[in-house]
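Given next are the chains, with one letter for each unit.
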Amino acid sequence: MASIVAAMAMTHAPGLTGWFDRAPAEQQQEARRALGELRQRLESARPDVIVAFSNDHLLNWPINNTPEFTVGIGEEHVGPAEWYDEWLALEQYRIPGHPALARYLVNEGARRRLAFAYLRRMQFDDGISVPMHYLNPGGRTALVPVTMNCTVPPIPTPERCYQVGTVLRAMLAAWPGPERIAILATGGLSHEPGGPRYFWVDEEFDLWFLDLLKRGDHQSLLRECTLERMEQAGSGGTAELNAWILALAFTRGPADVIAYLPAIAWRTGTGMVVWNELA
Amino acid sequence: MGNVERCDKTLPLNEMMFYVRKDARLRARWQTDLETLCREFGLGADEAQALRDRDVRRLNELGVHQYYIPQIMRLFFGAAANSNTHPALEAYRRAFPEETARAFALAERLERRAKG
């Protein structure tokens, strides 16, 4: 049977690759340290496949049709998408997919009344490209990307994402293969991409949210961290934390906060966490 | 809810941006024949004028999805090294001076704090 061997979350801000050196030196140093630690903890879990949850930034689906969740079912994933390569300052990368597991998520999800759209050729912007650059260089570990709608109204609520995470946890536990699976959530923390507060970072919100994760009380987090509260902290971007909340359903107990940086140079509250106990 | 709720999901410019980003030929036409491109995608006069003016605030008011607005600016000014001093971001400073001033005051406070 498959086993979940790791659960972690990180910011995917494009500045982490595209204009990394524009941040203050101490933020660059701390980000390098934290990303190195995250990678080390991922590698030490020896996953066969990473199931990654991230916002689709209106890249794969037009605004008239934005599924809540989309699974990339390809044999291989190639990124970054054209035009994003220059923005992210990343060379083209290739990562093996896991089509059997990905197609299982789509079909078993349907049986469990979860509508997962799918793409055989998913395109990748910062949401997957930045975390893979730091955590999975060379594409050594297979990837099943799952994109979410965190930015086009109606944005799913945190409760909805946690519920989907709970069903996904049961689905992955029932997968008959021997794979060791790592759960990776990407996005957040506070930011408002393209909005009037584009340059703003809500440090107070970010520290409050991370403290909720450190406390490890899921019901309390779901009660307090509403979609409205996330929108106040940065509209259209902070709700990427829905991916973290989905991943939360794979865990129990407190999260280790590896780092937090109120990185205005990257226009994003930047954080990395790892959960030690898996549900 | 926040600014993202201003988005008009039926606005032709929101549809146009989805395709322009993905297609090098459309991106080339953006640079050479934006007027025809706007007509082909059915943009209204207000949308086309806001584009011509590179008017971030007006684009936001019209209901362009906020995520597309910096991408519009990058189509005009380039995408590489998109730091806070990039010309595409200068358009934001002009459009939202109060919000921007607050953010940069915060950046200065954070930097002072970091240096002790």
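Residues numbered from 1 in each chain as written. Chains lettered and ligands numbered in written order. Predicted model: local features only at pLDDT ≥ 70, side-chain atom pairs only at ≥ 80, totals over all residues.

S.K.: Account for the overall build of chain A, with residues named and values stated.
M.R.: Within chain A, the regular secondary structure consists of 10 helices and 10 strands. Taken against the 2.2 N^0.38 rule, which gives 19 Å for 279 residues, the C-alpha radius of gyration of chain A at 17 Å falls within 12% of a compact globule. Each principal axis of the C-alpha atoms in chain A carries an extent, and together these give about 45 × 40 × 40 Å. Put simply, chain A has 279 residues, and 58% of those count as buried. Restricting the contact set of chain A to residue pairs at least 6 apart, pairs at least 24 apart contribute 85%. (Helix = DSSP H or I, 4+ residues; strand = E, 2+ residues; numbered from the N terminus. Rg over C-alpha atoms; globule rule 2.2 N^0.38 Å. Buried ≥ 20, exposed ≤ 12 C-beta atoms within 10 Å, placed from the backbone. Contact = placed C-beta atoms within 7 Å.)

S.K.: Run through the overall build of chain B, naming residues and quoting values.
M.R.: Looking only at helices and strands, chain B has 8 helices and 0 strands in total. Going from N to C terminus, chain B has its helices and strands arranged as α-α-α-α-α-α-α-α. Seen through its C-alpha atoms, chain B measures out along the principal axes to roughly 55 × 30 × 20 Å. Classification of the 116 residues of chain B by burial places 37% in the buried group.

S.K.: Can you lay out the environment of Thr 270 of chain A for me, pointing to particular residues and giving the numbers?
M.R.: Residue and element names in this part refer to chain A. Tracing the backbone shows Thr 270 in strand β10 (residues 268-278). In the structure, Thr 270 is positioned 79 residues away from His 191 in sequence and 9.4 Å away in space, judged by C-alpha atoms. Discounting chain neighbours no more than four positions away, the residues touching Thr 270 are Thr 11, Ala 13, Ala 31, Leu 261 and Ala 263.

S.K.: Go over helix α5 (residues 126-135) of chain A, please, and point to the residues and values.
M.R.: For α5 of chain A, a buried count of 10 out of 10 residues is recorded, marking the element as mostly surrounded by other parts of the structure. Taken residue by residue, α5 of chain A has Asp 126, Gly 127, Ile 128, Ser 129, Val 130, Pro 131, Met 132, His 133, Tyr 134 and Leu 135 of chain A as its buried positions.

S.K.: Could you give an account of the sheet that holds strand β7 (residues 142-148) of chain A, naming the residues involved and the relevant values?
M.R.: As a general point, the strands of a sheet are linked pairwise by backbone hydrogen bonds and lie either parallel or antiparallel. Residue and element names in this part refer to chain A. Reading across from one edge, β6-β3-β7-β2-β8-β1-β10-β9 is the order of the 8 strands in this open sheet, with mixed pairing throughout. Every other strand in the sheet has two partners, leaving β6 (116-119) and β9 (251-263) as the edge strands with one partner each. For this sheet, the mean inter-axis angle between neighbouring strands, taken without regard to orientation, is 20 degrees. Relative to β10, β9 runs antiparallel, the two being bridged by 10 bridges. Considered in β10, the bridge of Tyr 260 is made with Gly 271. Along the sheet, α5 contacts β1 (3-10), β2 (49-55), β7 and β8 (180-186); its crossing angle with β2, the most-contacted strand, is approximately 140 degrees. (Pairing = 2+ DSSP bridges. Axes fitted to C-alpha atoms, helices over the stretch in contact; angles between N-to-C directions.)

S.K.: Describe the pairing of β7 of chain A, and please don't skip the residues or the numbers.
M.R.: Residue and element names in this part refer to chain A. For β7, the buried fraction is high: 7 of the 7 residues fall into the buried class. Along β7, one buried face is formed by Ala 142, Val 144, Val 146 and Met 148 and the opposite face, lined by Leu 143, Pro 145 and Thr 147, is buried too. Judged from the 7 bridges that link them, β2 and β7 form a sheet pairing that is parallel. Opposite Phe 53, over in β7, you have Val 146 as the bridge partner. Pairing of strand β3 (residues 69-72) with β7 involves 3 bridges; the strand directions are antiparallel.

S.K.: Go over the interface of chain A and chain B, please, and point to the residues and values.
M.R.: At the interface, 34 residues of chain A touch 38 residues of chain B. Broken down by secondary-structure element, the contributors of at least two residues to the side of chain A that touches chain B are α3 (84-88) and α9 (227-232) of chain A.

S.K.: Run through the environment of Thr 66 of chain A, naming residues and quoting values.
M.R.: Residue and element names in this part refer to chain A. Counting through the fold element by element, Thr 66 comes out in the loop between β2 and β3. Among the residues examined, Thr 66 registers 21 C-beta atoms within 10 Å and is labelled buried. For the pair formed by Thr 66 and Cys 150, sequence separation is 84 residues and the distance between their alpha carbons is 9.9 Å. Not counting residues within four places of it along the chain, the set of residues in contact with Thr 66 comprises Trp 61, Asn 149 and Val 152.

S.K.: Account for unusual backbone geometry, naming residues and giving values.
M.R.: Residues and elements named next belong to chain A. Cis geometry marks the peptide bond from Gly 79 to Pro 80, where omega comes out at -15 degrees. Here Pro 80 shows up in the loop between β4 (76-79) and α3. The omega torsion of the bond from Gly 188 to Leu 189 falls at -5 degrees, within 30 degrees of zero and hence cis. For Leu 189, the position within the fold is in the loop between β8 and α7 (203-215). Despite not being glycine, Arg 113 has its phi angle at roughly 70 degrees, a positive value. For Arg 113, the position within the fold is in the loop between α4 (99-111) and β6.

Everything listed is a geometric property; what it means functionally is a separate question.
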